[in-house]
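# Notes for the structure review
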Amino acid sequence: LLQTGRIPDDTLVLVISGPQKDFLPREIDMLDAYLHAGGRVLLQCDPFPLPNIEAYLKRFGVQLSRDFIIDLQSKLLAFDQLTPVIIPRKEHPIARYLNQAVVFPVCRSVLPLEGNAGEVIASSGPDSWAERNTQSVHDDRARFDREEDLRGPVPVAVALENVGGAE
């Protein structure tokens with residue numbers, strides 16, 4: 001975004017997939033202006049600290065958590081435990097044509113906050129969990145902790161509409 005200075009007017013959907021670095025304030029401002037002008041964004045974030053993006057999403061009532069979704073059932077499908085099976089909510093227009101579950105390699109929880117108009121459109125399976133101790137994932141010793149972790153199904157995708165007027 002910094003190279004172009006703005007998001008082109010003819011952009012139908014801005015796809016931000018797996019940012020490796022957090023957005024700078026100027027990039028957040030460009031994204032905000034695009035959304036306020038009626039733009040659409042698909043934002044997919046890996047479980048890395050992205051404080052500016054996380055704070056921006058919180059303004060819209062979405063918690064981009066710093067955790068990893070662990071799904072031990074994924075091993076049955078020849079994936080590792082960091083590649084959860086994701087179940088879309090077919091009632092939502094975005095997911096209505098998905099005929100089966102999908103996999104998201106390395107994903108984090110995305111939670112609508114209280115009073116948010118956002119709608120959960122996909123979750124991990126019932127045998128998964130959000131591992132809040134991220135160091136345990138890096139050390140390959142992640143285990144479900146009832147006191148700290150979030151038991152599945154865990155929301156991993158939230159749809160927001162008409163965010164242009166949100167402050």
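Everything numeric here is computed off the predicted structure, so don't read it as measured data.

What follows deals with the nonpolar core. Ranked by internal contacts, the top residues of the largest apolar core, which has 18 residues, are L14, F23, L31, I53, Y56 and L64. Contributing elements (two or more residues each) for this core: β1 (14-17), α1 (25-36), α2 (51-58) and β3 (62-64). When residues of this core are assigned to their parent elements, the largest contribution, four residues, is made by α1. Sequence-distant contacts of Y56, that is, excluding residues within four places in its chain, are made with I28, L31, D32 and L35. If you look at the next biggest cluster of nonpolar residues, it comprises 10 residues, including C107, V154, A157 and A159.

Attention now moves to the side chain of S65. Relative to the helices and strands, S65 is located in the loop between β3 and β4 (68-71). Note on S65: relative accessible area 6%, which makes it buried. If near-sequence neighbours (up to four positions away) are discounted, S65 is found in contact with R108, S109 and L111.

So, on to the sheet that holds strand β10 (residues 150-151). Spatial strand order, β4-β9-β10: three strands in an open sheet with antiparallel pairing. Edge strands, defined here as strands with exactly one partner in the open sheet, are β4 and β10. Pairing between strand β9 (residues 128-131) and β10: two bridges, direction antiparallel. For W129, the partnering residue across the bridge sits in β10 and is R151.

Here we come to a nonpolar patch on the surface. On the surface, L12, V13, V15 and L42 cluster together into a nonpolar patch covering about 370 Å² of accessible area. Assignment of secondary structure puts L12 in the segment before β1. A relative accessible area of 63% places L12 in the exposed class.

On to the pattern of salt bridges, then. In this structure the tally under the stated criterion is seven salt bridges. One connected set of salt bridges, linked through shared partners, spans E54, R66 and R108.

Quick look at the packing of α1 against α2 now. For the pair α1 and α2, interaxial distance at closest approach is 10 Å and the crossing angle is 30°. Of the possible angle classes, the one that applies to α1 and α2 is roughly parallel. α1 and α2 meet at a crossing whose hand is right-handed. Note on element contacts: α2 touches α1 through N52, I53 and Y56, opposite P25, I28, L31, D32 and L35. Among the residues making up the contact of α1 with α2, the classes are represented as six nonpolar, one polar and one charged.

Okay, the pairing of strand β8 (residues 119-124) next. In the sheet, strand β5 (residues 85-88) pairs with β8 via three bridges, with the strands oriented antiparallel. Its bridge partner lying in β8, I87 is registered against S123. In the sheet, β8 pairs with strand β11 (residues 155-159) via four bridges, with the strands oriented antiparallel. From the neighbouring strand, E119 faces β11, where its bridge partner is A159.

Read from one edge of the open sheet, four strands run β6-β5-β8-β11, paired in antiparallel fashion. Of all the strands in the sheet, the pair left with one neighbour each is β6 (102-103) and β11.

Parameters at a glance
Each chain carries its own residue numbering, running from 1 in the written order of its sequence. Note on the predicted model: pLDDT of at least 70 is required for a residue's local features to be given, and 80 or more for side-chain atom pairs to be given and counted; whole-chain, interface and lining totals, by contrast, use all residues. Based on all heavy atoms of the structure, the side-chain values leave hydrogens and waters out of the count. Side-chain atoms within 4.5 Å are what join buried Ala, Val, Leu, Ile, Met, Phe, Trp, Tyr and Cys residues into a set we call a nonpolar core. Accessible area is worked out with a 1.4 Å probe on protein chains only. A residue is then buried under 20% of its type maximum, exposed over 50%, and partly exposed in between. Counting from the N terminus, the helices are DSSP H or I runs at least four residues long and the strands are E runs at least two residues long. Only heavy atoms matter for contacts: two residues are in contact if any of them lie within 4.5 Å across the pair. DSSP bridges decide pairing: two strands pair if at least two such bridges lie between them. What makes a patch is a set of residues exposed beyond 30% relative accessible area and free of salt bridges, joined within 9 Å when like-charged and within 5 Å when nonpolar (Val, Leu, Ile, Met, Phe, Trp, Tyr). Computed with the Shrake-Rupley method and a 1.4 Å probe, the accessible areas treat only the protein chains shown as cover for residues. For salt bridges, the criterion is a side-chain nitrogen of Lys or Arg within 4 Å of an Asp or Glu carboxyl oxygen. Only the stretch in contact is used when a helix axis is fitted, and all axes are lines through C-alpha atoms; the angle between N-to-C directions ranges over 0 to 180 degrees. For classification purposes, angles smaller than 35 degrees are called roughly parallel, those larger than 145 roughly antiparallel, those between 65 and 115 roughly perpendicular, and all remaining angles oblique. By definition, any crossing whose near helix is turned counterclockwise from its far helix by less than a right angle is left-handed, and any crossing with a clockwise turn is right-handed. All residues other than Ala, Val, Leu, Ile, Met, Phe, Trp, Tyr, Cys, Pro, Asp, Glu, Lys and Arg, Gly among them, are scored as polar; the first ten of these are nonpolar and the last four charged.

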